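Chain by chain, the residues:
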Amino acid sequence: MKQALLERYGQPEEVVRCVETPDLGAPGGGEVVFDVLAFPINPADISMCRGSYRLQPSLPATPGAECIGRVVAVGAGVKGIGPGDLVVNLQRENWAQQRRVKAEDVIPVPSSIDPAQGAMLRINPATALLLLSDNVDLRPGDWVIQNVANSAVGRHVIRLARSRGIKTVNVVRRESLFAELRELGADACVVDGPDMAASVKVATGGGAVRLGLDAVSGRATARLASCVGEGAVVCNYGSMSGEDPVMPRSALSAGGVTLVGFILGRALARRSADEVRALYQGLGRQVADGTLSAPVARIYPIEEIKAALAHAQRGARVGKILVTPNGPLPS
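What you are looking at is a predicted structure, and each value in this text was computed from that prediction instead of being measured. (Residues numbered from 1 in each chain as written. Predicted model: local features only at pLDDT ≥ 70, side-chain atom pairs only at ≥ 80, totals over all residues. Heavy atoms only, no water.)

1. As for the overall build of the chain
When helices and strands are tallied, the chain shows 12 helices and 15 strands. Taking 331 residues into account, the globule formula puts the C-alpha radius of gyration at 20 Å, and the chain, at 20 Å, falls close to it. Taken along the three principal axes of its C-alpha coordinates, the chain extends 60 × 40 × 35 Å. Residue burial in the chain is summarised as follows: out of 331 residues, 50% are buried. Taking the intrachain contacts of the chain between residues at least 6 apart in sequence as the baseline, contacts between residues at least 24 apart amount to 69%. Split by element, the accessible area of the chain, about 14,500 Å² in all, is 48% carbon and sulfur. If you average the places of the 36 positive and of the 32 negative side-chain charges in the chain, the two averages end up 3 Å apart. (Helix = DSSP H or I, 4+ residues; strand = E, 2+ residues; numbered from the N terminus. Rg over C-alpha atoms; globule rule 2.2 N^0.38 Å. Buried < 20%, exposed > 50% of the residue type's maximum accessible area, 1.4 Å probe, protein only. Contact = heavy atoms within 4.5 Å. Areas by Shrake-Rupley, 256 points an atom, 1.4 Å probe, with all protein chains shown as cover. Lys, Arg positive; Asp, Glu negative; His and termini not counted. Charge placed at Lys NZ, Arg CZ, Asp CG, Glu CD.)

Spelled out as structure tokens, the structure:
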């Protein structure tokens, strides 16, 4: 079978290549084998290839934080999953044509789900959901502010917040994105910059912002903190700037603002296996019915993994880069 192999850390398109490896064979007891239909290239995958991610596996290694697959065989003792089922995999190493994992590590998703959207189910929708639920006890009418609002996570935050009656202020770098985000359900949009706090005050009618979601870090964290109300929480979950978050002492002391960090794996680890399964099944239904979706910029075959990686690093790209290891996705 084909798989993408990371041979050394460095520039992703230079250190990853598509190789032929032995077939996986039949599943053992309690295992499932599935064909990988599609996987996205996420920022964390890019960081892993560069060697700057928090996880650094022994090399050579196969990257890939998420995918969607179709089960082709199950081992003895496996219940509730059978050949033909669509599943998402909770384990890594998914840049391959096929995976063999423990049955408990896969979660069935609706058969009606768009495979391209299902491939992006495990990380971004769950991150958005838990960012909204794990930091502040938000209630209908509360305001949340987020930067990188046009990202996949940001778009999911808008839709999930709207479904709960929570209002969002969405920070982007260019005004041309406003109409698109408002179509998704954004209540207010502002352009990032030194006068952002004044713009947010006008956009919210002076309403207190209880939660700030920061995926940029650096001075962007400070700008976000200047927009939230007294006693609010600013949650950092990414660093597009490559810098550490900067938080003004005045926000911490006089404003009583709390700065916290978020990693999806830690948030899921606090939940039982049944809770995690229920979380993903609920999100899967919302993806299947179109409530949650993310744009796709382009789909590449796994043989073109180098080109896919190069494309995934381009600026001003709208949508995820997906890779299909087993041919075109079913329509």
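2. Comments concerning the environment of Ile302
Assignment of secondary structure puts Ile302 in the loop between strand E14 (296–301) and helix H12 (305–312). Among the residues examined, Ile302 registers a relative accessible area of 0% and is labelled buried. Placed 147 residues apart in sequence, Ile302 and Arg155 show a C-alpha to C-alpha distance of 27 Å. If we ignore the near neighbours within four places in the chain, the residues touching Ile302 are Lys2, Gln3, Ala4, Cys18, Phe39, Trp95, Ala96, Val323, Thr324 and Pro325.

3. Section: the nonpolar core
One recurring pattern in soluble globular proteins: nonpolar side chains tend to sit buried together. If you look at the biggest cluster of nonpolar residues, it comprises 44 residues, and the most contacted ones within it are Leu213, Phe262, Leu264 and Tyr280. Residues in contact with Tyr280, not counting those within four places in the same chain, are Leu90, Ile107, Leu121, Arg122, Ala126, Leu264 and Leu268. Judged by nonpolar contacts, the second largest core, of 28 residues, contains Tyr300, Leu309, Ile321 and Val323. (Core = buried A, V, L, I, M, F, W, Y, C linked by side-chain atoms within 4.5 Å.)

4. Quick notes on the sheet that holds strand E12 (residues 233–236)
Within the open sheet, the 6 strands sit side by side as E10-E9-E8-E11-E12-E13. Their pairing is parallel. Looking at strand neighbours, the two that pair on one side only are strand E10 (188–191) and strand E13 (258–261), the edges of this open sheet. If you compare each strand with its neighbour and ignore which way they point, the axes differ by 20° on average. Both strand E8 (residues 143–147) and strand E11 (residues 209–214) contribute to a ladder of 4 bridges, which runs parallel. (Pairing = 2+ DSSP bridges. Axes fitted to C-alpha atoms, helices over the stretch in contact; angles between N-to-C directions.)

5. Details of helix H2 (residues 43–50)
Considered for burial, the residues of H2 that qualify are Asp45, Ile46, Met48 and Cys49. Buried residues of H2 fall within an arc of 160° about the axis and therefore sit on the same side. Tucked inside the fold, the buried residues of H2 contact strand E1 (2–6), helix H1 (12–15), strand E2 (16–20), strand E3 (31–40) and H12. Gly51 lies just past H2 and shows a positive phi near 85°. (Arc of directions from axis to C-beta.)

6. Re the packing of helix H4 (residues 124–133) against helix H5 (residues 152–163)
Put simply, H4 and H5 touch, their axes get as near as 8 Å, and they point 50° apart. Between H4 and H5, the crossing angle belongs to the class labelled oblique. Between H4 and H5 lies a crossing whose hand is right-handed. Of H5, the residues touching H4 (which contributes Asn124, Pro125, Thr127, Ala128, Leu129, Leu131 and Leu132) are Ala152, Val153, His156, Val157, Leu160 and Ala161. Partitioned by chemical class, the residues of the contact of H4 with H5 number 10 nonpolar, 3 polar and no charged. (Parallel < 35°, antiparallel > 145°, perpendicular 65-115°, else oblique. Left-handed = near helix turned anticlockwise from the far one by under 90°. Nonpolar A, V, L, I, M, F, W, Y, C, P; charged D, E, K, R; others polar.)

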